[in-house]
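Residues per chain are reported as follows:
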Amino acid sequence: MLKYIIRRLLGFVPTLFVIATVVFFLIRLAPGGPFDAERNVSDEVLRNLEAYYRLDAPLHEQYFRYLWDVLHGDLGPSFEKPSRTVSEWIAYRFPVSLELGLYGLAVALVLGLCAGITASLRPNTLTDHVPMTFAMAGICIPNFVLGPLLVLALSIHLGWLPVSGWEYPEDKILPAITLGVPYAAYIARLSRGGMLEVLSQDFIRTARAKGLSEARVVLRHALRGGIQPVVAFLGPATAGLITGSFVVENIFQIPGLGSEFVGAALHRDYTMILGTVLFFAALILLFNLLVDLAQAWLDPRVRYE
Amino acid sequence: MSRPRSDWQRVAALVVCVAAAVAFGGCGARETRAGKASVEGVLLVGNGAEPQELDPHLVSGVPEHRVLSALFEGLVDLDPATLEPIPGTAERWTVSPDGLVYTFYLRDGAQWSNGDPVTAQDFLYAWERILTPTLASEYASMLHCVANARAFNTGEIKDFSQVGVKALDDSTIEVRLEQPTPYFLSLHVHYTWYPVPRKVIEALGGMTARNTKWTQPEHMVSNGAFKLAQWEPDKVIRVEKNPHYWNAAAVRLQGIAFYPIEDAMTEDRTFRTGGLHLTENVPLPKIEMYQKEQFPFLHIDPYLGTYYYRINTTEPPFDDARVRRAFALSLDRDTLVAQVVNAGRQPAAHYVPPDTGGYTSNARMPYDVEQARRLLAEAGYPGGQGFPKVELLYNTSDDHKRIAEAVQQMWNQALGVEVQLLNQDWKVYLNSMNTLNYDIARSGWIGDYSDPYNFLECFLSGNGNNRTGYASDQYDRLVRKGASIMYKTGRLATYQQAEDILLADAPIIPVYFYTRPYLLSPDVKNWQPNHLGYISWKTLYVEPPPEQAR
Amino acid sequence: MSEARGPESSVEPIAVERGASLWRDALVRLRKNHLAAAGLVALFALLVVSLLTPWIAPYGYEDQDLALGAVPPSGAHWFGTDLLGRDLFTRVLYGGRISLLVGFAATGVSLCVGVLYGACAGYLGGRTDALMMRFVDILYSLPFVIFVIILTVYFGRNIVLLFMAIGAVEWLTMARIVRGQVMSLRQKEFIEATTVMGLPRHRVLLWHLIPNTLGPIIVYATLTVPRVMLMEAFLSYLGLGVQAPMSSWGLLINEGVQTMENRPWMLIFPSLALSITLFSLNFLGDGLRDALDVRASKD
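Residues numbered from 1 in each chain as written. Chains lettered and ligands numbered in written order. Predicted model: local features only at pLDDT ≥ 70, side-chain atom pairs only at ≥ 80, totals over all residues. Heavy atoms only, no water.

Chemist: Would you take a moment to explain the interface of chain A and chain B for this structure?
Modeler: Interfaces are often described in size by the accessible area the parts lose on coming together. Between chain A and chain B, the residue contacts involve 60 residues of the former and 65 residues of the latter. Of the roughly 5700 Å² buried between chain A and chain B, counting both surfaces, carbon and sulfur atoms make up 54%. Its largest share of buried area at the contact with chain B, chain A owes to E38, R39 and W160 of chain A, together 13% of the area lost on that side. For the interface between chain A and chain B, the tally reads six salt bridges. (Contact = heavy atoms within 4.5 Å. Buried area = accessible area lost by both parts, 1.4 Å probe. Salt bridge = Lys/Arg side-chain N within 4 Å of Asp/Glu carboxyl O.)

Now the structure itself:
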């Protein structure tokens, strides 16, 4: 197993290398440079800026220099926001995204599993249809509509929760809900499906026949198999949740990595784009690995390839 | 299938209870954050975007200006009500009769926030730093009115002592200008003219290093009414009263918190739920609603800026001034402003905003469809026949889009021409303008200081902000002549002639003059609006309403 | 990014055997599923309305009435008007055309690329397969927004081209599903028989393998369309949507969110249109999955 993990980790290196290469050249194809501004920047200043950030060298030279720096753990300075380096920006913003993502994940799991499992216990009745309709609605409402609607209802009309910010604990409730709901909807559907399949299997019938309480049957026996699809889904979902959501961060004014990434792309902050892309890619790869390990643990039939 | 069990109902009930408890717990004490801050003497400000930096030499935006003007103070300050120069770090100054040499006398008690005295050398160091080519400051051109500053900034001369600034002693500075600059004193409220803490910068990377830590709260030293206490990007910037400020006794605010809320809708909601004293903006659809409700917190100030369309004069059909005029004449500004833009904005029949440094243009661009059609016909396109399809470029924004959609219809109906809309995001849009790769493009200019030169300069031939390919010897001559005349009447009259030419040649189509809409809490006292959007933080204070103070 | 890609739906690999009866069975099962049948009918109606929009719409999508401004629903304007006095009913109709076109174009491209790619990888197997799948992994870990921004820059605001390009990025999951199917089919006797008969490889692939994976492909495609339509809405939120004055649902919803407090109709109608479509597609997708799922039907 350790050998397997090491092999997978080693496999990350060429992947990240390809990604760095592709993105490095791709972003330079987009028109407009990092120093174009509304008030014209004179040619001399532009030349000096490019010299300062070594953008005047031939492209291939910049590329090799960048790779060399990355190998030494240096993601470079930010062009747009010079007070911190790219690594420092990621270190500043990622914990926020992580925190928000984990709250979102908690919301998604609690709501999703409750709804999904409840629905699976009595399929095709009201207790199935009601949560599943909500789940479908959760999938179909874009979060830039859901967020403002929640704010309108809970903050402006009822005055319960703050509208924006990331300073106090109560600031974090609405963003977590907005972020978590679409995922909760998927989890509800997946867990319902998984539970239905397990509950119809022989060993559950046996357990019931033995006179075990329903709660025990569901919690001890069915759940482990029933949430398998949810576990498979959790990998990409968690990666998506913690890498930050531009919309939620924008609506609630949260200093996360998602808004930084979109901002960097729009501002042509080359080093920042590359830095965040590499960081995201590494995270996603890591989560896929974790999910594979979790699946193997839940279901011994899955073998390490 | 399974039996329904009360277990599940219990779990569900529990979940509901917890959710409700959390929700109600949050609504226990209902004192707003702004209300609390009013009691503490702290002002909560929505600041639009996150500042790029807090280094006055490496920034170029308005959000940066708001924070930096709280942290630093230049030689001269402005009276927020009249925009007249008043003493800042300099206690007094003298001007030579030819208007070229200014001598500033620093006040005795001027100190940095660490207690060090502010000296003439600090200012000189700052000016040398911003003009040094290798620092590549984007806004260094604000200092180009100083003799030889441009030459030093572009690297033509290497020796800073040739630039027209000199420390006569520790507290006296002499500035020699290239030519008479009547607005020179008002430049000093702009961050490009602020002093910077020499020792700190030298200790943390030196004069020309861009990526240094000197602007972090633990290092930052400033000379203004406030000092930096906390800077968490995209969260909050807090400044607190600077006890070493020379006039600290008169500063009544204990601190200011700047919240970088980019989304105007979010900012508006934050204000309404008591999270802010002052917003940076108000979303357009909300302004209309507030006006209808007579919402008492809505303020709309005139703002020194013009929203206009620029035309690429280098390509047919717009290389013909008659075609450009036809487009300019057939824009129904009154309807556009009343129905689409509103927010108290004024239709712009000329370019430089009214009363810019005492100047108002003579020229007017009327709404005259008849004449527009005639001009278009003279140019060879009667009724728009044979007129090529042209594109109207705007950068991503709901407001720009709505205006462009309305203008597209107006031109189509008035001239029978087909105009297509083209939306590009910011950097692509800038690139298109810089490379003259557009037909007509939305644009705007906000004045840095209240003088027509700031606006007219843009359309000098070859100016970096021209971006229309427009070049007129006569215009250039008049603008330059105006700038060199010291006496107000002669100068402004010359500018008026220049603007007549600009409007007749129509490389731009003025649309409206900006206003600055914002929401302001009644807790904020001594608020003095002006058309530069300049806020004098040190004279403001906050006071909770009487019933809350009890 | 989470909004852009959306959570992945899981489609279990299922084996579909050839035979007309199977499809007929599936159809019967689908018809019994009321929600899915309703979804199918709703979708069909939407498609017809979209096709006939130029004849149905009471106004032009860009006809403005600045003096009128935004008014609530009335007899003259069923859904009310927007800030420029344009008829919202008309704009929802035209917006639907764009949104549906975008959804189907992107799904179509992702279908073509994903199916061919996945089938090739699965059929060729071995080192080729490993290499091809590694490439898919790399693309999976690329954040999505950057692609979209660069693509908009390249294709400008030509929304259909843009979404075909997005489809070209969206094929990854499809490729994985098809590959899994093909790998399991490859062992089946009738495929081995083709090899014995000496049929050329591309014929085996196109005529024997791919048709047998149609079930999961259809199901997954049905679920891709709503994802892409949501993505269009997300792009509109970023300001990278369709070129004005044309409208799309995403764009209309985004405008509606801006003014939802004083002009709720501008949010409600486009949101309803989008939600109904997404509901229909998702119900249909679910129904198809149940109907085509051989394993489940054995119970």
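Chemist: Explanation requested: a nonpolar patch on the surface in the structure shown.
Modeler: Residues and elements named next belong to chain C. Side chains of F44, V48, V49, L51, L52, W55 and I56 sit close together on the surface and give an oily, nonpolar patch of about 730 Å² of accessible area. Within the secondary structure layout, I56 lies in helix α3 (residues 34–56). By relative accessible area, I56 is classed as partly exposed at 39%. (Patch = residues over 30% accessible without salt bridge, like charges linked within 9 Å, V, L, I, M, F, W, Y side chains within 5 Å. Areas by Shrake-Rupley, 256 points an atom, 1.4 Å probe, with all protein chains shown as cover. Helix = DSSP H or I, 4+ residues; strand = E, 2+ residues; numbered from the N terminus. Buried < 20%, exposed > 50% of the residue type's maximum accessible area, 1.4 Å probe, protein only.)

Chemist: So what exactly am I meant to see when it comes to the pattern of salt bridges here?
Modeler: Where charged atoms from two side chains of opposite charge come close, those side chains can pair. According to the stated counting rule, one finds 36 salt bridges over all chains in the structure shown. In this structure, the salt-bridge partner of K538 of chain B is D77 of chain B, at a minimum N-O distance of 2.9 Å. One end of the pair, K538 of chain B, is in the loop between β17 (524–525) and β18 (541–542); the other, D77 of chain B, is in strand β2 (residues 76–78), with 461 residues separating them in the sequence. Among the salt bridges present, the one from K166 of chain B reaches E174 of chain B, with a minimum N-O distance of 3.8 Å. Through salt bridges with shared partners, a single network forms among K81, R93 and E260 of chain A together with D234 of chain B.

Chemist: Please clarify how the pairing of strand β8 (residues 226–232) of chain B should be interpreted in this entry.
Modeler: Both faces of the sheet carry side chains from a regular strand, because those side chains alternate between them. Residue and element names in this part refer to chain B. As paired strands, β8 and strand β9 (residues 236–241) are joined by six bridges and run antiparallel to one another. Looking across to β9, one finds that W231 is bridged to I237. Count of turn residues in the β8/β9 antiparallel hairpin: three residues, of which D234 carries a positive phi of about 60°. (Pairing = 2+ DSSP bridges.)

Chemist: Mind showing me how you'd approach the state of the cysteines here?
Modeler: What we call a disulfide is simply a covalent bond connecting the sulfur atoms of a pair of cysteines. Evaluation of the coordinates by the stated rule reveals zero disulfides over all chains. Free of any disulfide, C458 of chain B has its nearest neighbouring cysteine sulfur in C145 of chain B, separated by 16 Å. Overall, the relative accessible area of 2% leaves C458 of chain B in the buried class. Among the cysteines around C112 of chain C, which has no disulfide bond, C120 of chain C carries the closest sulfur, lying 13 Å off. (Disulfide = S-S within 2.5 Å.)

Chemist: Any chance you could explain the interface of chain C and chain A here in plain terms?
Modeler: Counting residues at the interface gives 42 residues for chain C, matched by 50 residues for chain A. A combined buried area of about 3800 Å² lies between chain C and chain A, and 77% of that area is made up of carbon and sulfur atoms. For the pair chain C and chain A, the number of links is zero salt bridges. Between chain C and chain A we count one residue pair in polar contact (both at pLDDT 80 or more) in total. Within the residue set of the side of chain C that touches chain A, elements represented by two or more residues are α1 (2–5), α5 (126–140), α6 (144–155), α11 (214–238), α12 (249–258) and α13 (265–292) of chain C. Ranked by residues supplied to the side of chain C that touches chain A, first place goes to α13 of chain C with nine residues. Taken together, the residues of the side of chain C that touches chain A sort by class into 26 nonpolar, eight polar and eight charged. (Polar contact = N/O pair within 3.5 Å; in protein donor to acceptor, adjacent residues only side chain to side chain. Nonpolar A, V, L, I, M, F, W, Y, C, P; charged D, E, K, R; others polar.)

These results come straight from atomic positions and should not be treated as a statement about function.
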